[in-house]
Amino acid sequence: MKKKSVMKIIAALAIGAMLTGSLAGCGGKEEGSQGNAGNEKQSGSEAGGENKDANGGAENKDDGKAQNEAGGSKDIYSMTKEDLEGRKLTITSAEDWWHPPYQTLVDKYMEEFGVEIEVNILPADTASEVIKSQFSTGELADITMNSASPMELTYMRASEMLADMSEEPWVQSLSDTSGFEYSDGKLYGLPLASQDYWGFCANKKVLGDCGLEVPTSKEELIHCFEVLKEKGYIPFYSGAGDAWMCGNITSSGVHADLQKDEDLITKFNTNQTNYEASESFKAMLADIGDWAEKGYFGDNFMSHTWDGMMDAVASDECGFNIGLTSWMTTMDTTYGEGTSDKLELIPYFIGENDTIYMSTCCELYASKDSANLDLAKHFFNWCAQPENLQIFYDGLGSSSIFKDVVSNTICDSSKNLMEKLSDGTYGVHVAHNAVIQGQDWDTFISLMQEVYMGELTPEEFCQQYDGFRNEICKALGMEGF
């Protein structure tokens, strides 16, 4: 009863922020605000003082034109160093999202156009809450990097807070925009990131040492768990100490039910069904609780983290973990070329699922009220030029979201998965939270940690989260709620 009361309080606070955020406007930041607490700053020059030009209340330049000194207009995409030198952009990101190729592009842009770009990098453990707070108050940088789409992170209130990018020149270069669009059908962010594919990751060396082969079903996977546990390995390194990983493993939760009812997502979004009614979702939750109870996640698994997982995989301490295509390249660069050769991505064999997770990704969002919206659009368009995309994806070592851009640094293990996806050996699913509206991911993953610890049954989880989501959907004015 106590937990339910706490969750109701959290829900009320979150919904209140959603409803009142638009009233807060873009006023100045109070001294000591947590919006900049504990974050790093990276820039081409020394970062100093408050960035009063980030919002400023200036007139938006949202028509593809920028005013020049002579009082005429100029296509913002053709602006040169002569037009832009001395101007400044601010970007907010998080240390887990801001990979080196992003900084490579920022440095190249600053050098080419004489623009200063200050990148405020938030600590990984507080980034989501800080960014949520910034959206609530309207105190946004010119550009905010966030971990997912507006459909998933409804607190961004995309149509109210973010600049519409639907008609930008680079949009036609995207392979597919459907996974990035908001409920109004518009595109609000630049998905400059990897098109990653996630799977359970099998350590073929560990399996071979135990006389096992890479499993092709959930039944074979569980057999591997039993043998690995008996031989002293961590069967499945879950990373449950990082709450987001407790959410990641649920991505396939409604996929099996969706195969039986093609209107399932519409029913979720019009209050005709919910998580408690999803048999495949509850089957997935049941497996998580069962695997934890049987010791398949190892001892003290709530202390396991993403970074710890990388070390455990490299040192052959575990048989399975959660991995993704770009992470394979990271393993090679961190632990030595060829580390990924012993790894193989297989489907999320959990609940009723047997497919690979095709994820959405981090996106760059421009504030609708930024005084530098023209500059942000110029930067986005420049990033999306083929030569710059090639630099980016070669540095990232992952699949591209853009047409005709292929990374030259994808490792063999990732190529192997891509071949199996291409020939139909494996199917794919998208995450339930990417298509079912009214989500609050921070609440979801917090409740998921309680499932891991055995403090919530599948039914209790669904009842609590359905209640929370219902209130969000009402606040959003969604049909049927």
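Undergrad: Could you clarify how one ought to interpret the pattern of salt bridges in this entry?
TA: Charged atoms that come close allow side chains of opposite charge to pair. Across all of its chains, the model carries 19 salt bridges by this definition. The partner of K132 in a salt bridge is D442, and the shortest N-O contact between them spans 3.1 Å. Pair noted here: K132 is in helix α4 (residues 127-137) and D442 is in helix α18 (residues 441-452), with a separation of 310 residues, a long-range link. You can call K132 buried: its relative accessible area is 17%. Taking relative accessible area as the criterion, D442 reaches 22% and is therefore assigned partly exposed. Residues K342 and D316 are paired through a salt bridge, measuring 2.6 Å at the closest nitrogen-oxygen approach. With K342 in the loop between α13 (325-335) and β11 (343-346) and D316 in the loop between α12 (306-314) and β10 (318-324), this pair connects stretches of sequence that are 26 residues apart. Accessibility classification places K342 together with D316 in one group, the buried group.

Undergrad: Please clarify how the nonpolar core should be interpreted in this entry.
TA: Across soluble globular proteins, you tend to see nonpolar side chains buried next to one another. If you look at the biggest cluster of nonpolar residues, it comprises 75 residues, and the most contacted ones within it are F200, F320, W327 and F461. A total of 7 residues in this core trace back to one element, the largest contributor, which is α18. By size, the runner-up hydrophobic cluster in this structure holds 65 residues, among which are Y109, L153, L162 and Y182.

Undergrad: How do you make sense of a negative patch on the surface when you look at a structure like this?
TA: Judged by side-chain charge, E95, D96, D125, D307, D311 and E317 come together as a negatively charged surface patch. Structurally, E95 is set in the loop between β4 (88-94) and α3 (100-113).

Undergrad: Got a minute to help me understand unusual backbone geometry in this structure?
TA: Of all residues except glycine, most have a negative phi; of all peptide bonds, most are trans. The phi angle at R157 is positive, at roughly 45 degrees, despite the residue not being glycine. Mapped onto the elements, R157 comes out in the loop between β6 (143-146) and α5 (158-161). In this structure, N300 is a non-glycine residue whose phi angle is positive, near 50 degrees. Topologically, N300 is positioned in the loop between α11 (279-293) and α12.

Undergrad: In this structure, what is going on with the packing of α12 against α13? I would like to understand it.
TA: Relative orientation and spacing of two packed helices are given, respectively, by the angle between their axes and the distance between those axes. Between α12 and α13, the shortest axis-to-axis distance is 11 Å and the interhelical angle comes to 70 degrees. Here α13 runs roughly perpendicular to α12, going by the angle between their axes. For the element pair α12 and α13, the recorded crossing hand is right-handed. Residues W306, M309, M310, D311, V313 and A314 of α12 lie in contact with α13, whose contacting residues are W327, T330, M331, T334 and Y335. Tallied by class, the residues present in the contact of α12 with α13 amount to 8 nonpolar, 2 polar and 1 charged.

Undergrad: Help me understand the packing of α18 against helix α19 (residues 458-476) in this model?
TA: It is the contact of α18 with α19, at a shortest axis distance of 10 Å, that shows an interaxial angle of 170 degrees. Between α18 and α19, the angle is such that the two are roughly antiparallel. Seen from α18, the contacting residues are T443, F444, L447, M448 and V451; seen from α19, they are F461, Q464, Y465 and F468. Looking at the contact of α18 with α19 residue by residue, the class counts come to 7 nonpolar, 2 polar and no charged.

Undergrad: Mind showing me how you'd approach the side chain of K282 here?
TA: On the secondary structure map, K282 appears in helix α11. From its side chain, K282 meets the backbone oxygen of E276 in a polar contact 2.9 Å long. K282 has contacts with Y275, E276, P458, E459 and C462, leaving out every residue within four places of it along the chain.

Undergrad: How should the confidence of the model for the protein be read in this particular structure?
TA: Detailed reading of predicted coordinates is not advised where the pLDDT is low. Taken over all residues, the pLDDT of the protein has a mean of 86, while the share at 70 or more is 85%. In this model, residues 1-39 is a region of pLDDT below 50 whose contacts with residues beyond four sequence positions or in other chains number 51 contacts.

Undergrad: So what exactly am I meant to see when it comes to the packing of aromatic side chains here?
TA: Each aromatic ring pair is summarised here by two numbers: the centre-to-centre distance and the angle between the ring planes. Applying the stated criterion to the full structure yields 40 aromatic pairs. With a centroid separation of 5.9 Å and an interplanar angle of 70 degrees, the aromatic rings of F135 and Y155 are classed as edge-to-face. In this pair, F135 sits in helix α4 while Y155 sits in the loop between β6 and α5, placing the two residues 20 residues apart along the sequence.

What counts and what doesn't
- Residues numbered from 1 in each chain as written.
- Predicted model: local features only at pLDDT ≥ 70, side-chain atom pairs only at ≥ 80, totals over all residues.
- Heavy atoms only, no water.
- Salt bridge = Lys/Arg side-chain N within 4 Å of Asp/Glu carboxyl O.
- Helix = DSSP H or I, 4+ residues; strand = E, 2+ residues; numbered from the N terminus.
- Buried < 20%, exposed > 50% of the residue type's maximum accessible area, 1.4 Å probe, protein only.
- Core = buried A, V, L, I, M, F, W, Y, C linked by side-chain atoms within 4.5 Å.
- Patch = residues over 30% accessible without salt bridge, like charges linked within 9 Å, V, L, I, M, F, W, Y side chains within 5 Å.
- Areas by Shrake-Rupley, 256 points an atom, 1.4 Å probe, with all protein chains shown as cover.
- Lys, Arg positive; Asp, Glu negative; His and termini not counted.
- Charge placed at Lys NZ, Arg CZ, Asp CG, Glu CD.
- Axes fitted to C-alpha atoms, helices over the stretch in contact; angles between N-to-C directions.
- Parallel < 35°, antiparallel > 145°, perpendicular 65-115°, else oblique.
- Left-handed = near helix turned anticlockwise from the far one by under 90°.
- Contact = heavy atoms within 4.5 Å.
- Nonpolar A, V, L, I, M, F, W, Y, C, P; charged D, E, K, R; others polar.
- Polar contact = N/O pair within 3.5 Å; in protein donor to acceptor, adjacent residues only side chain to side chain.
- pLDDT = per-residue confidence, 0-100.
- Phe/Tyr/Trp six-rings, centres within 6.5 Å; stacked < 30°, edge-to-face > 60°.

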